[in-house]
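Listed below are the residues making up each chain.
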Amino acid sequence: MAWFDKIKDAIKDTTTLDVVTTNGSIQLTSEDMQGGWENIANSVSEKIKASNVNVVAYTHSQWDADTFMFVKENLSEAEQKLVESHAAVVDASHATRREAVKLVKDFVGLKVD
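No experiment lies behind these values; they were computed from the predicted model shown.

## Description of the sheet that holds strand S3 (residues 67-71)
No. 1: Taking strand neighbours across the sheet as the criterion, the three strands line up as S1-S2-S3 in an open arrangement whose pairing is antiparallel. Each of the sheet's edge strands pairs with one partner strand only, and the pair in question is strand S1 (16-24) and S3. Averaged over all pairs of adjacent strands, the angle between strand axes in this sheet comes to 10°, irrespective of strand direction.
No. 2: Pairing analysis gives five bridges linking strand S2 (residues 53-62) to S3, with the strands arranged antiparallel. When the sheet's bridge partners are listed, Ala-57 is paired in S3 with Val-71.

What follows is the structure, given as structure tokens:
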């Protein structure tokens, strides 16, 4: 893939943001924990697919600032803290996307007022 295509893909990726915060329970075996972090992440992903998880919060944002946010009803105290963390992740993700766009803009030499 040419560098120009990589830049186009990066810009396209900044146009939407999806953040899902869940809670629930999954069990890993000692075998699941072998082979380093990538293997552990894959094990967690596979276990989540087979488990019941509760969506505590979900946010979808688009480039034009349209945003949808779902928050579970009747949050426990622990879930309320998860929602606060969720909001912080959404804010950090938006900031990261803004910086990525600035980086590309600077790279290609565009003037944006």
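## Some details on the environment of Ala-87
No. 1: Mapped onto the fold, Ala-87 is located in helix H3 (residues 77-108).
No. 2: Taking the relative accessible area as the measure of exposure, Ala-87 reaches 34% and is therefore partly exposed.
No. 3: C-alpha separation for the pair Ala-87 and Ile-7, spaced 80 residues apart in sequence, amounts to 28 Å.

## Describing a nonpolar patch on the surface
No. 1: Taken together, the side chains of Trp-3, Phe-4, Phe-107 and Val-108 make up a nonpolar region of the molecular surface, amounting to roughly 480 Å² of accessible area.
No. 2: Here Phe-4 falls in the partly exposed class, since its relative accessible area comes to 49%.

Analysis parameters
- Residues numbered from 1 in each chain as written.
- Predicted model: local features only at pLDDT ≥ 70, side-chain atom pairs only at ≥ 80, totals over all residues.
- Heavy atoms only, no water.
- Pairing = 2+ DSSP bridges.
- Helix = DSSP H or I, 4+ residues; strand = E, 2+ residues; numbered from the N terminus.
- Axes fitted to C-alpha atoms, helices over the stretch in contact; angles between N-to-C directions.
- Buried < 20%, exposed > 50% of the residue type's maximum accessible area, 1.4 Å probe, protein only.
- Patch = residues over 30% accessible without salt bridge, like charges linked within 9 Å, V, L, I, M, F, W, Y side chains within 5 Å.
- Areas by Shrake-Rupley, 256 points an atom, 1.4 Å probe, with all protein chains shown as cover.
- Salt bridge = Lys/Arg side-chain N within 4 Å of Asp/Glu carboxyl O.

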